[in-house]
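# Coordinate inspection notes
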Amino acid sequence: MLDSLGNLRRTHYCGDLRAAHADADVVLMGWVHRRRDLGNLIFIDLRDRAGIAQVVFNKEQHAAAHAKAEELRAEYVVAVEGRVVHRQKANPEIATGEVEVVAMRLHILNTAKTPPFVIEDEVLASEETRLRYRYLDLRRPKPRANIALRHRVIFEMRKALDALGFYEIETPMLTRSTPEGARDYLVPSRIHHGQFYALPQSPQIFKQILMIAGMDRYFQIVRCFRDEDFRADRQAEFTQLDLEMSFPRQDDIFGVIEQVMARACAVIGVEVKLPFPRMTHAQALARYGGDKPDLRFGMELQDVSGFFTQAARETLHIEGSVQALAVPGVATFSRKQLDELAERAKSFGARGLYAVKVAAEGISSPLEKTLGAETLKKLVASAGAKPGELVVAVAAKEQVKGSDAAALVAGQLRLHLAEQLKLIPKDRWEFVWLTGFPLFEWSETENRLVSAQHPFTGIVEEDVEKLEDPSDDVRATIRSKGYDLVLNGVELGSGSIRIHRQDVQARVFRALGLTDEQARQRFGFFLDALAYGTPPHGGIALGLDRVVALLAGEKSIREVIAFSKTTAAQDLMADTPSPVDADQLDELGIALKPPERR
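Computed from a prediction, not measured in an experiment: that's the story for all the values here.

How each quantity is defined
Residues numbered from 1 in each chain as written. Predicted model: local features only at pLDDT ≥ 70, side-chain atom pairs only at ≥ 80, totals over all residues. Heavy atoms only, no water. Axes fitted to C-alpha atoms, helices over the stretch in contact; angles between N-to-C directions. Helix = DSSP H or I, 4+ residues; strand = E, 2+ residues; numbered from the N terminus. Parallel < 35°, antiparallel > 145°, perpendicular 65-115°, else oblique. Left-handed = near helix turned anticlockwise from the far one by under 90°. Contact = heavy atoms within 4.5 Å. Nonpolar A, V, L, I, M, F, W, Y, C, P; charged D, E, K, R; others polar. Patch = residues over 30% accessible without salt bridge, like charges linked within 9 Å, V, L, I, M, F, W, Y side chains within 5 Å. Areas by Shrake-Rupley, 256 points an atom, 1.4 Å probe, with all protein chains shown as cover. Salt bridge = Lys/Arg side-chain N within 4 Å of Asp/Glu carboxyl O. Phe/Tyr/Trp six-rings, centres within 6.5 Å; stacked < 30°, edge-to-face > 60°. Buried < 20%, exposed > 50% of the residue type's maximum accessible area, 1.4 Å probe, protein only.

### Looking at the packing of helix α4 (residues 141-163) against helix α16 (residues 544-552)
For the pair α4 and α16, interaxial distance at closest approach is 10 Å and the crossing angle is 120°. Comparing their axes, α16 and α4 come out oblique. Crossing handedness for the pair α4 and α16: right-handed. Every residue of α16 that contacts α4 at K142, N146, L149, R150, V153, I154 and M157 is listed here: L544, D545, V547, V548, L551 and A552. Here the contact of α4 with α16 is composed, by residue class, of nine nonpolar, one polar and three charged.

Pasting the structure below:
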């Protein structure tokens, strides 16, 4: 028969016991982690969220408790009354290893089935199994520590922003659909048949309205929703730190976020240097081949296009630029290794890979036949290569409108080589602000210019008149007041100084192909609000799941979310998404199409 908790009250967490608690009477509660029966002595490791304490049941001293302990199995829930004593032999592997608890009374509060996997840090179970039994997975030390870290990081962010004069304000979860960017999750209205709410992709419009309302400094730890494909760093529902300020300079917003991130990093004992370095979007593409530069290692790109004459380009079938990087310590790569690297480069979109081995005695490369020995030497010097390094150069197979395709290919190759050769130090934390983004970018799928961030991003004043230019090439040069924060090659968030004038906002909507009627249908309430004395304002949103995953050393944000979904957008534990009753659909005025008609 199971025991009742009654008036029993826990005095300590298991993981908090130390030598200073010796001779104290305690009440511990938790799960049986492990049981060892030595006859007259039974040892159990008792686990709670703080850690593990060893409990010993001595048959000669407390026979009733010992007899009851014989019933214990893994994951039973128990309460133990006992006395803390020094261990005869300390266990340095755990924080409580200097002491143990001599049990006087045992209360078995619940039994447990045998778990589908062992509750240990290292498990053989698949991610699908772990997510299906997430309530068991979260008992493991690492997931439990990740959730605790998430709490501490968010708590520090809240304290930092409170000290800086921000109000935490909630914005609606049920709002209107404004189809820009990712697909919305729609929620049908029971009261207004045929009409729908949308779950917010971000609180963007509402936080700008809060600035119009005079709130001055807003933040929110907010859940957002985007109906898009899942990746290691993306979920359909995610959490972000969202903030907005009135009358800011760009530097003001940077200063706030730098203080917030410094507090967050301090949670894991990392001290970051302030202010964070800055780099323009164009510089990031030219030096690192992407807009999320990882600054923890070198191997910067060098444009070596000038060394390829027209004749060389025709021979090698090269279009566009040629980008090179010097790779340390691999001048001895074999032909097989170079061939494998070339195939990898092609998978990134390269036409081919042009390799130059740099040794103390000289340089060697098949390129010498095409470029000549002297030109090849100049190329190596331009790439900054030293003896023992390998220069790899790439050109893109296909050009991308508005981008240097070869730089994008070389950027992916840079990251691949750094990971393969283990050139990325794991104990460095390199933040960088990216600025100078274009307002628009070319969409190959839509065959038109679209917002590089979102349509509320501010414009450099000198470029506003370009909005009326009919040429895509001219409008592609419009500079925005947007910015990104990147950490170790991961984009943490984006922000901007916003458009605060109604006339400019309307012109941006028209430049994006929206008629005045369409803009009013989608954003009418916001355009109206802009007409009532909107202050200059700006802000940013940081992906909290990504921040915590980086601080926890996890590759996937799923490991720092309590209840995450699989890459197939399913919650295996709760078995969602799931069908609903026909009565529910009728009440909402919804009829489902048969599969063949979808």
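### Some remarks on a nonpolar patch on the surface
Taken together, the side chains of M173, L174 and Y197 define a hydrophobic patch exposed on the protein surface, amounting to about 250 Å² of accessible area. Within the secondary structure layout, M173 lies in the loop between β6 (167-168) and β7 (185-188).

### Quick notes on the packing of aromatic side chains
One pass over the structure, following the stated rule, counts eleven aromatic pairs. Seen from their ring centres, F206 and F525 are 6.4 Å apart, and the 40° between their planes marks the pair as tilted. Taken together, the residues F206 in helix α5 (residues 204-212) and F525 in helix α15 (residues 516-530) connect sequence positions 319 residues apart. On the accessibility criterion, F206 (23% relative accessible area) is partly exposed. With centroids separated by 6.3 Å and ring planes inclined at 45°, the aromatic side chains of F308 and Y354 adopt a geometry described as tilted. Taken together, the positions of F308 in the loop between β12 (302-303) and α8 (310-316) and Y354 in strand β14 (residues 350-359) put the pair 46 residues apart, joining distant regions of the chain. Accessibility expressed as a relative area gives 4% for F308, which makes it buried. Y354 sits in the buried class, given a relative accessible area of 10%. One aromatic cluster is present, formed by F456, F509, F523 and F526 through successive ring pairs.

### A closer look at the pattern of salt bridges
Counted according to the given criterion, the structure contains 43 salt bridges. The closest approach of N and O atoms between R223 and E237, which form a salt bridge, is 2.9 Å. Of this pair, R223 sits in strand β9 (residues 217-225) while E237 sits in strand β10 (residues 237-246), placing them 14 residues apart in sequence. For R223, a relative accessible area of 30% puts it in the partly exposed group. The exposure class assigned to E237 is partly exposed, which follows from its relative accessible area of 23%. Across the salt bridge formed by D294 and R296, the nearest N and O atoms sit 2.7 Å from each other. There is no split in this pair, since D294 and R296 are both buried.

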